[in-house]
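Single-letter residue listing:
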Amino acid sequence: MSIVVSEPVPRPGILDIAAYVPGKEHAPGVARVFKLSSNETPLGASPKAIEAFRQSAGHLELYPDGQALALRDAIASVHGLNVANIMCGNGSDELLGLLCHVYLGAGDEAIITQHGFLVYKIQIMGAGATAIEVPEKDYTVDVDAILAAVTDKTKLVFIANPGNPTGTYVPVADIRRLHAGLPKNVILVLDAAYAEYVRKNDYEAGVELVSQNRNVVMCRTFSKVYGLAALRIGWMYGPAGILDALNRVRGPFNMNAPAIAAGAAAIRDQNFVGEAVEHNLLWKDKLTHAFETIGLTVTPSVTNFVLIHFPDVDGKRAPDADEFLTSRGYILRMVKGYGLPNALRMTVGSEEANRGVIEALGEFMGRK
């Protein structure tokens, strides 16, 4: 006897995935809102990128370059890379998804860390594989914990370096030690979305490790320091063999023409990038000092955001602070989904926004 199914059913495992929830954008009843929940740069995009976007908009009837050569050339020129080892995507999310689609299947495992970017787990499960979560130490990736979790089922290891939402980083010596301990068939994925903000001598985004090996890739984004989040531009630097495999399933026109043009102009405007980085360094330190002065704990950050921890006291916890700040138009990011229920992540914003949050949290912490 045949079984009657009343509606389409996803394959096993899909409905077990917790959908990604972006940072909130609205504060009902508040006239002016400062959105500090998505790590967007307060300086916006380079004027040169905006002009390139406008010029491209005059030819929307044409298909984009399926190889995104102008963008790849610009990336290669700025970073001193071989253009053949660069792939561009519809945000780095697409590239992370392609890696899972191509290298994972039922019975495979991929390692993620305790407070790692939620998209990793979504893409791993979407490919039918199992996400193995390992603990972090002091909100920082623990190399030894990762190595201890490797089995013959492991195919990918995802490292956000710097981390999101923690803001911490792993020194290059530890990243190299991690890679040295992995089997040759396991791909180390270095997600360096916030690399441009880091000013530490012992940090390396991954270029050298990729250049020297066949099982390491580095992912980057234009959504942060370049201010092009609306255009969804990501890129990967990787070995020829891995890029060849991904290109076989990549959409033929996965990048739109205005994004290609704007991205190429943005990355060549390094003076504008420098201004964004300097603003961030100045205010990240000011915010950290101000929050610590009023009795809050801040995880040391090398990114464009800070992770603020609240007291485990009635009326003073992170959800209370979130409600208080939202009522005043300041939207921060709740990070309960990252295993941090009593913390808020705050993007470094404009001077006005930053000063407003300092004042508001000072009032919140001082309330009886």
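Conventions used here
Counting restarts for each chain, with residues numbered from 1 along the sequence as it is written. Since the coordinates come from a predicted model, pLDDT governs what is reported: local features require at least 70, and pairs of side-chain atoms require 80 or more to be given and counted, while whole-chain, interface and lining totals use all residues. Side-chain calculation: all heavy atoms of the structure are included, whereas hydrogens and water are not. A 1.4 Å probe rolled over the protein chains alone gives each residue an accessible area, and that area as a share of the maximum for its type sets the label: buried under 20%, exposed over 50%, partly exposed in between. Numbering of helices and strands runs from the N terminus, with a helix taken as a DSSP run of H or I at least four residues long and a strand as a DSSP run of E at least two residues long. When DSSP finds two or more bridges between a pair of strands, those strands are recorded as paired. Annotation comment: domain bounds sourced from an automatic or database domain assignment. Only heavy atoms matter for contacts: two residues are in contact if any of them lie within 4.5 Å across the pair. In short, buried area is how much 1.4 Å probe accessible area vanishes from two parts on joining, totalled over both. Any carboxyl oxygen of Asp or Glu within 4 Å of a side-chain nitrogen of Lys or Arg constitutes a salt bridge here. Pairs of N or O atoms are called polar contacts if they sit within 3.5 Å, as long as, within protein, a hydrogen donor faces a hydrogen acceptor (for residues adjacent in sequence, only side-chain-to-side-chain pairs). Classification convention: Asp, Glu, Lys, Arg as charged; Ala, Val, Leu, Ile, Met, Phe, Trp, Tyr, Cys, Pro as nonpolar; all other residues, Gly among them, as polar. Here, axes are lines fitted to C-alpha atoms. For helices the fit covers the stretch in contact, and angles between N-to-C directions go from 0 to 180 degrees.

Okay, the pairing of strand β10 (residues 305-309) next. Remember that side chains alternate between the two faces of the sheet whenever the strand is regular. Buried residues dominate β10, accounting for five of its five residues. Covered by surrounding structure in β10 are Phe305, Leu307 and His309 together with Val306 and Ile308, the residues of both alternating faces. Sheet topology note: the strand β9 (residues 297-299)/β10 ladder contains three bridges and is antiparallel. Each residue of the ladder has a partner; that of Thr299, found in β10, is Leu307. As consecutive antiparallel partners, β9 and β10 are separated by five residues. Of the strand pairs in this sheet, β10 and strand β13 (residues 340-347) are connected by five bridges, and their pairing is antiparallel. Across the sheet, the residue bridging to His309 is Ala343, located in β13.

Before going further, it helps to examine the domain arrangement of the protein. Quite often, the size of an interface is put as the accessible area lost when its parts meet. One can read the domain layout of the protein as domain 1 (26-44 + 271-365) and domain 2 (47-269). In this assembly, 26 residues from domain 1 lie in contact with 27 residues from domain 2. Summed over both partners, the interface of domain 1 with domain 2 comes to about 2,200 Å²; 66% of that surface belongs to carbon and sulfur atoms. The three residues of domain 1 that bury the most area against domain 2 are Val273, Val302 and Tyr338, which together make up 31% of that side's buried surface. Applying the counting criterion to the domain 1 and domain 2 interface returns zero salt bridges. Our count for the contact surface shared by domain 1 and domain 2 stands at eight residue pairs in polar contact (both at pLDDT 80 or more). A per-element tally of the side of domain 1 that touches domain 2 places helix α10 (residues 270-293) first, with seven residues. Residue composition of the side of domain 1 that touches domain 2, by class: 12 nonpolar, 13 polar and one charged.

Moving on, we come to the sheet that holds strand β8 (residues 233-237). The strands that make up a sheet pair up through hydrogen bonds in the backbone, lying either parallel or antiparallel. The seven strands are arranged β2-β8-β7-β6-β5-β3-β4 in an open sheet whose pairing can be described as mixed. Strand pairing shows two members of the sheet lacking a second neighbour, β2 (86-90) and β4 (130-134), which therefore form its edges. Neighbour-to-neighbour, the strand axes of this sheet turn through a mean angle of 25°, independent of strand direction. Bridge count between strand β3 (residues 109-113) and strand β5 (residues 154-160): three bridges; the pairing is parallel. Within β5, the position partnered with Glu109 by the bridge is Thr154.

A word on unusual backbone geometry. Cis geometry is adopted by the peptide bond preceding Pro162, which originates at Asn161 and carries an omega value of 5°. Position of Pro162 relative to the elements: it lies in the loop between β5 and α6 (172-180). Phi is positive for Asp138, which is not a glycine, with a value near 55°. Mapped onto the secondary structure, Asp138 falls in the loop between β4 and α5 (143-149). For Arg232, which is not glycine, the phi dihedral falls at a positive 55°. As for its position among the elements, Arg232 is in the loop between β7 (216-221) and β8.

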